[in-house]
Amino acid sequence: MKKENNKKILKIVLIIFSIIIVVIGATIFLRYSNRIKLTQFAPQTKGQMMGYRIITSKGKVILIDGGTKGDTKQVQDAINEAGGIVDAWFITHPHEDHVGAFIDIVENTNIKINKIYTSVHDINWYQENDSEVIQENEEFLNTLENEKIKGIIEEPKINEKIKIDNILIEILGIKNPEIKENAGNNSSMVMKFNVNNKSILFLGDTGKESCEKLIKTQKDKLKSTIVQMAHHGQSGATEEFYKIVDPKICLWPTPEWLWNNDSGNGEDSGPWKTKETRNWINNLKVKENHVAKDGIYSIEIW
Ligand SMILES: [Zn+2]
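**Side note on the overall build of the chain**
Argument step 1. Along the backbone of the chain there are 10 helices and 16 strands.
Argument step 2. Buried residues in the chain amount to 50% of all 302 residues.
Argument step 3. Considering only intrachain contacts with a sequence separation of at least 6, the fraction spanning at least 24 residues in the chain is 65%.
Argument step 4. Total accessible area computed for the chain in this model is approximately 14800 Å², and 53% of it derives from carbon and sulfur atoms.
Argument step 5. Once the 39 positive and 41 negative side-chain charges of the chain are each reduced to a mean point, those two points are 14 Å apart.

**Some words on the packing of aromatic side chains**
Argument step 1. Counting across every chain of the model gives 12 aromatic pairs.
Argument step 2. Seen from their ring centres, Phe-241 and Tyr-242 are 6.2 Å apart, and the 80° between their planes marks the pair as edge-to-face.
Argument step 3. On the basis of relative accessibility, which here comes to 0%, the residue Phe-241 falls in the buried class.
Argument step 4. Connected via pairs of aromatic rings, a cluster forms that spans Tyr-52, Phe-90, Tyr-117, Phe-193 and Phe-202.

**A short note on the coordination of the zinc ion**
Argument step 1. Here the zinc ion is held by the protein donor atoms Asp-97 (OD), His-98 (NE2), Asp-205 (OD) and His-232 (NE2), which lie 2.1 Å from it.
Argument step 2. Every donor counted, the four donor atoms about the zinc ion form angles of 85 to 152° at the centre, which fits irregular coordination.
Argument step 3. All donors to the zinc ion come from one chain, and their sequence spacing reads D-H-x106-D-x26-H. Of the two residues, His-98 is situated in helix 3 (residues 96–108) and Asp-205 in the loop between strand 12 (198–202) and helix 7 (208–218); the sequence distance between them amounts to 107 residues. With respect to burial, His-98 and Asp-205 carry one shared label: buried.

**Focus on the pairing of strand 11 (residues 190–195)**
Argument step 1. Counting buried residues along strand 11, five of its six residues qualify, which places the element largely inside the surrounding structure.
Argument step 2. Examined bridge by bridge, strand 10 (residues 167–173) and strand 11 share five bridges and lie antiparallel to one another. In the strand pairing of strand 11, Glu-170 is matched with Lys-192.
Argument step 3. The pairing of strand 11 with strand 12 spans five bridges and is antiparallel. Of the residues in strand 12, the one forming a bridge with Val-195 is Lys-198.

**A few points about the side chain of Asn-196**
Argument step 1. Locating Asn-196 in the fold gives a position in the loop between strand 11 and strand 12.
Argument step 2. Classification of Asn-196 as buried rests on a relative accessible area of 15%.
Argument step 3. A polar contact is formed between the side chain of Asn-196 and the side chain of Asn-34, at a distance of 2.9 Å.
Argument step 4. The residues contacting Asn-196, other than those within four sequence positions of it, are Arg-31, Asn-34 and Trp-302.

**Structural notes on unusual backbone geometry**
Argument step 1. Residues other than glycine seldom take positive phi values, yet Ser-235 does so here, at roughly 50°.
Argument step 2. Locating Ser-235 in the fold gives a position in the loop between strand 13 (226–228) and helix 8 (239–245).
Argument step 3. Taking the relative accessible area as the measure of exposure, Ser-235 reaches 43% and is therefore partly exposed.
Argument step 4. A positive phi is found at Asn-261, a non-glycine position, where the angle reads about 50°.
Argument step 5. Positionally, Asn-261 belongs in the loop between helix 9 (256–259) and helix 10 (274–283).
Argument step 6. Exposure remark for Asn-261: the relative accessible area of 6% places this residue in the buried category.

Cut-offs used in this document
Residues numbered from 1 in each chain as written. Predicted model: local features only at pLDDT ≥ 70, side-chain atom pairs only at ≥ 80, totals over all residues. Heavy atoms only, no water. Helix = DSSP H or I, 4+ residues; strand = E, 2+ residues; numbered from the N terminus. Buried < 20%, exposed > 50% of the residue type's maximum accessible area, 1.4 Å probe, protein only. Contact = heavy atoms within 4.5 Å. Areas by Shrake-Rupley, 256 points an atom, 1.4 Å probe, with all protein chains shown as cover. Lys, Arg positive; Asp, Glu negative; His and termini not counted. Charge placed at Lys NZ, Arg CZ, Asp CG, Glu CD. Phe/Tyr/Trp six-rings, centres within 6.5 Å; stacked < 30°, edge-to-face > 60°. Donors = N, O, S within 2.8 Å, 3.2 Å for Na, K, Ca; no water. Tetrahedral: all angles 85-135°; square planar, octahedral: opposite > 155°, others 65-115°. Pairing = 2+ DSSP bridges. Polar contact = N/O pair within 3.5 Å; in protein donor to acceptor, adjacent residues only side chain to side chain.

That is the geometry; function is a separate question.
Rendered as structure tokens:
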């Protein structure tokens, strides 16, 4: 009788064990088949730049900025390698180190773009508030008038959600007409890409004032697994902001000279604040830092 009971118990244990194995296996499989690939572009010139490509679970191609005109080939190759069509191109703000490659591709290639998301002011606003780089702003606005893309441009609303395959994109920040300090950068579009309970926060060149607004209006949505370091890793987002984001992985669109604060006379010879930001991130115990100075980098997220 005892032997019979033991056999029964063993059978039940085996069944429970098998169910657990199947559930774990199915969860891992679902997550894996729901994976995306994120690529950080690397500077092809001596200047700073920012650009990312994301490939969704079903192979759709999303771009965020792209870099300068000198970075065009890298962006073009990345699009072609992924099938040759851009499903959605998000532009954070119109400065050359973000939109140069985009302008070049729209004006001088036949690459098909299905949708463009951007949040821009009219030329008068830039003339009043961001006149130092007025030519860059004007060139971008002119490109948006190009017949090839005129009909596919969308200006997202604040808190709008955009679904592309398995990615849910939340628009946390758009242009800020009322912010007059560091105005062009502070009007960077801020986006959170969600996939499989993980998230990537793109900040463009967001500065202190826009951060303060985001903390006031979006605080509970800022925490993210991965963050793109604002303004190439210096004089962008604040320490308080990064503490709220509390990232596990930091993506730095930062060239070597800026990473080392080197204006040409060796490490620490420059006026930039990158080292300060690096300290904040060290204090947050972030283990993974991927810096564009080290070359093009890809990561699978699942
Ligand atoms: Zn920039």
